[in-house]
Amino acid sequence: MSETTTPETPASDAAVPQRRVSGVAIRLDGVTKHYPGQDRPAVDDVDLEIPAGETVMFVGPSGCGKTTLLKMLNRLIEPSGGRIHLDGEDVTDQDPDKLRRRIGYVIQAGGLFPHMTVATNIGLVPRMLGWDKPRTATRVDELLDLVGLDPAVYRDRYPRELSGGQQQRVGVARALAADPPVLLMDEPFGAVDPVTRLRLQDELLRIQEELGKTIVFVTHDFDEAVKLGDRIVVFDIGARVVQYDTPDAILASPAEEYVADFVGAGATLKQLTLTRVGDVELEQVTTAAVGTDAAAAVAAARAAGQDFVVVLDERGRPISWPTLAELGRATTVPATVDPRLPVVGVRSTLNDALDTMLAASQGGVVVTGRREALAGVLKVEAVMAAIRRSRAEVAG
Ligand SMILES: Nc1ncnc2c1ncn2[C@@H]1O[C@H](COP(=O)(O)OP(=O)(O)OP(=O)(O)O)[C@@H](O)[C@H]1O
Ligand SMILES: [Mg+2]
């Protein structure tokens with residue numbers, strides 16, 4: 001089945017190569033779940049098409065059947081009726097174990113086994129598939145790298161020795177271990193603090209850009225849905241599909257009053273969530289590599305009329321942004337990593353950028369692109385200008 005509606009490339013992606021698709025389409029026909037002893041079905045006759053390689057977000061009130069629907073996709077819950085197709089193939093009666101190799105599953109707090117190391121947790125499915133130790137070990141390191149954790153540091157740790165955000169990353173790595181075409185995520189970032197949450201979202205966007213899986217993602221947070229989703233499904237009780245469209249379309253014309261309430265009154269401000277950092281013109285700044293001559297960097301920044309320098313490590317990733325006065329005190333550019341350096345990815349939203357600035361009490365953020373390389377700097381003034389422009393457009 002290849003009515004692959006590749007998402008229209010948003011302007012922010014103009015510089016990014018077209019996303020590759022490794023995911024497959026999912027189709028639900030009249031899927032129903034009637035729990036024993038309940039008078040109404042939790043999921044009532046749902047038809048839904050999820051295109052290959054897209055991220056589709058499930059939102060809706062508590063108890064409306066999102067988790068039940070998600071778990072029927074990998075048959076953690078058996079449907080009472082209807083058919084489920086994966087890549088055009090009817091998998092409703094397929095052996096659930098076999099099915100789950102094609103479908104990764106991520107839940108809140110990672111769902112890691114506490115008595116197993118990170119490497120054992122991630123290697124679980126590959127070992128089950130009969131991979132030998134060296135191949136599994138290579139895959140584990142590759143996945144840790146993909147989710148932004150240094151394999152040498154983290155592979156032998158136990159889940160309790162990780163922060164919530166790190167556990168969540170390992171959970172994502174584990175779900176991706178056997179390279180399944182489909183990833184199901186049930187409020188995966190619900191339990192972490194807001195700053196970590198933004199980072200995890202950015203990371204998922206980056207990973208998805210690389211992998212092009214089909215992702216079905218449940219969230220309570222409409223901003224998260226707008227940020228991560230190619231499409232959003234808004235459900236009501238019984239998993240009734242109220243609206244299924246792109247974030248832009250839902251924001252522009254919510255199908256029912258109920259969706260409008262859900263979207264929230266501040267639809268203009270929501271534009272902040274629709275606009276990516278990469279859509280705004282970034283400031284190009286003076287950079288200096290660790291270990292090079294500090295005075296030369298200071299001179300270059302001064303000549304460009306800038307009062308700070310972004311220091312890059314050997315892989316071109318920003319690690320600090322000292323003022324010229326600070327840098328002037330050193331002879332060579334220091335390798336010190338500033339733990340408070342505010343950083344967002346080009347796929348972050350302007351909303352995230354503002355949050356990150358506020359959290360760091362800074363008037364700007366450093367922006368990174370592929371492989372965390374520097375893309376530029378975004379100042380609060382530029383964000384404000386973008387808001388004014390979008391307000392004028394909406395009014396206008
Ligand atoms: N094992 C079960 N037995 C009976 N009823 C259940 C069972 N699991 C869920 N339900 C009911 O089915 C409905 C849908 O539950 P579900 O967990 O799918 O909702 P949800 O949309 O994921 O909610 P939330 O946003 O709170 O996670 C609810 O009314 C719930 O009480
Ligand atoms: Mg749920």
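Residues numbered from 1 in each chain as written. Chains lettered and ligands numbered in written order. Predicted model: local features only at pLDDT ≥ 70, side-chain atom pairs only at ≥ 80, totals over all residues. Heavy atoms only, no water.

As recorded by an unreviewed UniProt entry, the protein carries the name ABC-type quaternary amine transporter and is attributed to Geodermatophilus pulveris. Its UniProt record gives the protein the following Sequence similarities (unreviewed entry) comment, quoted word for word: "Belongs to the ABC transporter superfamily." (UniProt positions renumbered as here; feature names shortened; annotations may be inferred.)

Asks: Help me understand the sheet that holds strand β13 (residues 318-320), please; the structure alone is not making it clear to me.
Replies: Whether parallel or antiparallel, the strands of a sheet pair through hydrogen bonds between backbone atoms. The strand order across the open sheet formed by three strands is β11-β12-β13, and the pairing between neighbours is mixed. Each having just a single partner strand, β11 (287-289) and β13 make up the two edges of the open sheet. With direction set aside, neighbouring strand axes in the sheet form an average angle of 45 degrees. (Pairing = 2+ DSSP bridges. Helix = DSSP H or I, 4+ residues; strand = E, 2+ residues; numbered from the N terminus. Axes fitted to C-alpha atoms, helices over the stretch in contact; angles between N-to-C directions.)

Asks: Explain the UniProt feature "domain: ABC transporter" (unreviewed entry) in the protein to me, please; I cannot follow it from the model alone.
Replies: Here, UniProt's "domain: ABC transporter" (unreviewed entry) annotation points to residues 26-263. Split by type, residues 26-263 is 39% helix and 24% strand. Its first and last C-alpha atoms lie 26 Å apart.

Asks: What is the right way to read helix α1 (residues 66-73) from this model?
Replies: Think of an α-helix as 3.6 residues a turn; residues three or four steps apart then line up on the same face. With respect to burial, α1 is a largely interior element, six of its eight residues being buried. Within α1, the full set of buried residues consists of K66, T68, L69, L70, M72 and L73. Phi for R75, located one or two positions after α1, is positive at around 60 degrees. (Buried < 20%, exposed > 50% of the residue type's maximum accessible area, 1.4 Å probe, protein only.)

Asks: Is there a simple way to explain the domain arrangement of the protein in this structure?
Replies: Many authors give the size of an interface as the accessible area that is lost as the parts come together. What the domain assignment reports for the protein is domain 1 (16-266) and domain 2 (278-393). One C-alpha centre belongs to domain 1, the other to domain 2; they are set 33 Å apart. With twelve residues of domain 1 at the interface, the matching set in domain 2 holds 14 residues. Together domain 1 and domain 2 conceal approximately 1000 Å² of surface at their shared face, both sides included; 44% is due to carbon and sulfur atoms. The largest contributions to the domain 1 side of the interface with domain 2 come from L198, D202 and E209, which together make up 34% of the buried area. Where domain 1 packs against domain 2, one counts three salt bridges. For R371, the salt bridge identified is with E210, shortest N-O distance 3.5 Å. (Domains from an automatic or database assignment. Contact = heavy atoms within 4.5 Å. Buried area = accessible area lost by both parts, 1.4 Å probe. Salt bridge = Lys/Arg side-chain N within 4 Å of Asp/Glu carboxyl O.)

Asks: Even after reading the chapter, I still don't get the environment of V91, so can you show me in this structure?
Replies: Within the secondary structure, V91 is located in the loop between β5 (89-90) and α2 (96-100). Between the C-alpha atoms of V91 and W131, which are 40 residues apart in sequence, the distance is 25 Å. Not counting chain neighbours up to four residues away, the residues in contact with V91 comprise R75, I84, H85, L86, L99 and R102.

Asks: Any chance you could explain the pairing of strand β10 (residues 240-245) here in plain terms?
Replies: Where a strand is regular, its side chains alternate between the two sheet faces. Here strand β9 (residues 231-236) pairs with β10 via five bridges, running antiparallel. For V233, the partnering residue across the bridge sits in β10 and is Y244. Linkage of β9 to β10, two consecutive antiparallel strands, is achieved through a turn of three residues, within which G238 is found at a positive phi near 80 degrees.

Asks: What exactly am I supposed to notice about helix α4 (residues 133-146) here?
Replies: Taking 1.5 Å as the rise per residue, α4 with 14 residues should run 20 Å; its terminal C-alpha atoms sit 20 Å apart, in good agreement. Within α4 the residues assigned to the buried category are T136, R139, V140, L143, L144 and L146. Around the axis of α4, the buried residues are gathered within 155 degrees of arc, so they sit on the same side. Residues P134 and T138 are exposed on α4 and point more than 90 degrees away from its buried face. The N-cap of α4, judged by a side-chain oxygen 2.9 Å from the amide nitrogen of R135 a few residues on, is D132. Where α4 terminates, the next one or two residues include G148, which has phi positive at roughly 80 degrees. (Expected span 1.5 Å × (residues − 1). Arc of directions from axis to C-beta. Polar contact = N/O pair within 3.5 Å; in protein donor to acceptor, adjacent residues only side chain to side chain.)

Asks: So what exactly am I meant to see when it comes to the sheet that holds strand β1 (residues 26-33) here?
Replies: Reading across from one edge, β2-β1-β4-β5 is the order of the four strands in this open sheet, with antiparallel pairing throughout. Since the sheet does not close on itself, it has two edges, and those belong to β2 (43-50) and β5, each with one partner. Note: β1 against β2, five bridges, orientation antiparallel. Across the sheet, the residue bridging to V31 is V46, located in β2. This element, α1, spans β1, β2 and β4 (81-86) of the sheet and lies at about 120 degrees to β1.

Asks: Which parts of the structure should I look at to understand the site of ligand 1?
Replies: Not every one of the 13 residues close to ligand 1 is listed here, only the nearest: S62, G63, K66, T67 and T68. Y35 places a side-chain nitrogen or oxygen 3.4 Å from a nitrogen atom of ligand 1. Between ligand 1 and T68 there is a distance of 2.5 Å, counted from an oxygen atom to a side-chain nitrogen or oxygen. The residue makeup of the shell around ligand 1, split by class, is four nonpolar, seven polar and two charged. (Near = heavy atom within 4 Å. Nonpolar A, V, L, I, M, F, W, Y, C, P; charged D, E, K, R; others polar.)

Asks: Got a minute to help me understand the pattern of salt bridges in this structure?
Replies: Close approach of charged atoms allows side chains with opposite charge to pair. This model, assessed by the stated rule, comprises 21 salt bridges. In this structure, R102 engages E89 in a salt bridge whose closest nitrogen and oxygen atoms are separated by 3.3 Å. Of this pair, R102 sits in the loop between α2 and β6 (103-107) while E89 sits in strand β5, and the two are 13 residues apart along the sequence. Taking relative accessible area as the criterion, R102 reaches 22% and is therefore assigned partly exposed. For R317, the salt bridge goes to D313, with nearest N and O atoms at 3.0 Å. Several salt bridges converge on common partners, so that one network encompasses R83, D90 and D93.

Asks: Help me out: how do you make sense of the nonpolar core in this one?
Replies: If you look at the biggest cluster of nonpolar residues, it comprises 43 residues, and the most contacted ones within it are I122, L176, M185, F217, F222 and I232. Those residues within four positions of I232 in sequence are excluded, and the remaining contacts are M57, V59, F222, A225, V226, Q243, Y244, D245, P247 and I250. In terms of nonpolar packing, the next biggest core, distinct from the first, is built from 28 residues, V24, F58, F235 and A239 among them. (Core = buried A, V, L, I, M, F, W, Y, C linked by side-chain atoms within 4.5 Å.)

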